[in-house]
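# What the coordinates show
Listed below, chain by chain, are the residues.
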Amino acid sequence: MENPLRGLPAPPPSGAAALPPGTYAGQVVLVTGGGTGLGKAIATEFARLGADLVIASRRAEQLEAACKELAAVPGAGRVTAAVCDIRDPERVAEVFDAAQAAFGLPDVLVNNAAANFPSPAEDLSPNAWRAVVDITLTGTWFMTREFGRRHLAAGTPGSIVNIGASYAWTGGPGFAHSAAAKAGVKNLVETLAVEWGPYGIQINGLVPGLFPHADMTEDIRGGLERAAPAPGARDARQPALRFGAPRELGWAATFLASPYARFVTGHTLVVDGANWQRRSVVNPEVVTVREQLGRGAFGP
């Protein structure tokens, strides 16, 4: 008998667009962490729809390569880059100044930049905690605040998309620092949608599931490889029986910030094939975070 489990269908091919051509023509889109990984995948789909792009990151060499790649996307507008540590509010203001001088005030802000690494909570040093929370939450706030203040002063509408994580709802054992920060990012979406909606500024969240890509960190890539199914087999750990394609996240971002989603604000969209909602009828045996990460017993 043929196996009835097929999983969710594959997405349209790379190069397809979810919105009409030119949807973002004449608009400026600023993407933090846009030089690599999912940030670059999101920027690619905005480029495909005609946006003028400003990508920001801490690493100049990654930005230079990404600018060339994004400028070559069919339909792309102009592309420029800004080196920025989003933990520095003065540098954040400078990035907006540069974007405004080059293309105009950004119409869309995608807060994608974040930091993360796995660790038992008891092993997190004060510096490790601050590094992740300051980039993921405080940096997102600095970018959001600058965007909002400039649009409020100009009397113009705008759209913000914050990249979140599903453990903002569920908790994230092994990622206490990141989970706490992402919970704050989600709350910013819900709070600012009400505060800034009357001024024409919408803000939404976007949560990715597993989207393998070339720029994943070694610890995340290693974990996926260790648990990978046999070559050619479907990934039975996902209800969709497959991972996401990065362009699927880009399509979701371009919709949330588009004219077709103007009445959608304060919402967080999860794009993960229902993986975060998966539950077992009988829970498996508990394995501590220390054991999962191969750490020995905690001690002085």
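Please refer to the structure placed before this passage.
Read on for a plain summary of the structure. (Residues numbered from 1 in each chain as written. Predicted model: local features only at pLDDT ≥ 70, side-chain atom pairs only at ≥ 80, totals over all residues. Heavy atoms only, no water.)

## What about the pattern of salt bridges?
Applying the stated rule across the entire model yields 12 salt bridges. Residue R150 is joined to D97 by a salt bridge in which the shortest nitrogen-to-oxygen separation is 2.8 Å. Taken together, the residues span a long stretch of sequence, with R150 in helix 4 (residues 126-154) and D97 in helix 3 (residues 89-102) at a distance of 53 residues. Taking relative accessible area as the criterion, R150 reaches 17% and is therefore assigned buried. When its relative accessible area of 44% is taken as the criterion, D97 is described as partly exposed. In this structure, E248 and R242 form a salt bridge, with 3.0 Å as the shortest nitrogen-oxygen distance. For E248, a relative accessible area of 18% translates into the label buried. (Salt bridge = Lys/Arg side-chain N within 4 Å of Asp/Glu carboxyl O. Helix = DSSP H or I, 4+ residues; strand = E, 2+ residues; numbered from the N terminus. Buried < 20%, exposed > 50% of the residue type's maximum accessible area, 1.4 Å probe, protein only.)

## As for helix 4
Over its 29 residues, helix 4 runs 40 Å from end to end, which matches the ideal 42 Å to within 8%, given 1.5 Å per residue. Of all bends in helix 4, the biggest is about 40°, found at D134. In the segment just after helix 4, G155 is the residue with positive phi, at about 70°. (Expected span 1.5 Å × (residues − 1). Bend = angle between axes of the 7 residues up to and from the residue.)

## Concerning the packing of aromatic side chains
If you walk through the whole model with that rule in mind, you get three aromatic pairs. Consider the rings of Y24 and F46, whose centres lie 4.9 Å apart with planes at 70°: the pair is edge-to-face. Pair noted here: Y24 is in the segment before strand 1 (28-32) and F46 is in helix 1 (residues 37-48), with a separation of 22 residues, a long-range link. Residues Y24 and F46 agree in their burial class; the two are buried. (Phe/Tyr/Trp six-rings, centres within 6.5 Å; stacked < 30°, edge-to-face > 60°.)

## Section: helix 8 (residues 246-256)
Spacing of three or four residues puts side chains on the same side of an α-helix, whose turn is 3.6 residues. Extensive coverage of helix 8 is indicated by the burial of eight of its 11 residues. Those residues of helix 8 hidden inside the fold are in contact with helix 1, strand 5 (158-163), strand 6 (201-208) and strand 7 (268-271). (Contact = heavy atoms within 4.5 Å.)

## So, the sheet that holds strand 4 (residues 108-111)
In space, the seven strands of this open sheet follow the order 3-2-1-4-5-6-7, with parallel pairing throughout. Looking at strand neighbours, the two that pair on one side only are strand 3 (79-83) and strand 7, the edges of this open sheet. On average, each strand axis in the sheet is tilted by 20° relative to the strand beside it, whichever way the strands run. Relative to strand 7, strand 6 runs parallel, the two being bridged by four bridges. Bridge assignment links G205 to a residue of strand 7, and that residue is T268. The strands touched by helix 1 within the sheet are strand 1, strand 2 (52-57), strand 4, strand 5 and strand 6, with strand 2 carrying the most contacts at an inclination of about 170°. (Pairing = 2+ DSSP bridges. Axes fitted to C-alpha atoms, helices over the stretch in contact; angles between N-to-C directions.)

## Topic: the nonpolar core
If you look at the biggest cluster of nonpolar residues, it comprises 30 residues, and the most contacted ones within it are Y24, V29, F46, V110 and L206. For this core, the elements supplying multiple residues, two or more each, are strand 1, helix 1, strand 2, helix 2 (60-71), strand 4, strand 5 and helix 8. If one sorts the elements of this core by residue count, helix 1 sits on top with five residues. Setting aside residues no more than four positions away along its own chain, L206 makes contact with V161, N162, I163, G164, L249, A252, A253, L256, T268, L269 and V271. Of all hydrophobic cores here, the second largest spans 27 residues; its members include V54, A115, F147 and V189. (Core = buried A, V, L, I, M, F, W, Y, C linked by side-chain atoms within 4.5 Å.)

## Some points on the packing of helix 1 against helix 2
Relative orientation of the contacting elements helix 1 and helix 2 amounts to 30°, with a least axis distance of 10 Å. Looking at the two axes, helix 1 sits roughly parallel to helix 2. The crossing of helix 1 and helix 2 is right-handed. Across the interface between the two elements, K40, A43, T44 and A47 of helix 1 pack against A66, E69 and L70 of helix 2. Looking at the contact of helix 1 with helix 2 residue by residue, the class counts come to four nonpolar, one polar and two charged. (Parallel < 35°, antiparallel > 145°, perpendicular 65-115°, else oblique. Left-handed = near helix turned anticlockwise from the far one by under 90°. Nonpolar A, V, L, I, M, F, W, Y, C, P; charged D, E, K, R; others polar.)

## Concerning unusual backbone geometry
Unlike most non-glycine residues, L241 shows phi in positive territory, near 60°. Following the sequence through the fold, L241 ends up in the loop between helix 7 (218-226) and helix 8. Judged by relative accessible area, which is 16%, L241 ranks as buried. Despite not being glycine, A274 has its phi angle at roughly 70°, a positive value. Considering the arrangement of structural elements, one finds A274 in the loop between strand 7 and helix 9 (289-292).

## Quick look at the environment of V108
Residue placement: V108 occurs in strand 4. Classification of V108 as buried rests on a relative accessible area of 1%. Dropping the residues within four chain positions of it, V108 is found in contact with Y24, Q27, V28, V29, L30, F46, F147, S159 and A257.

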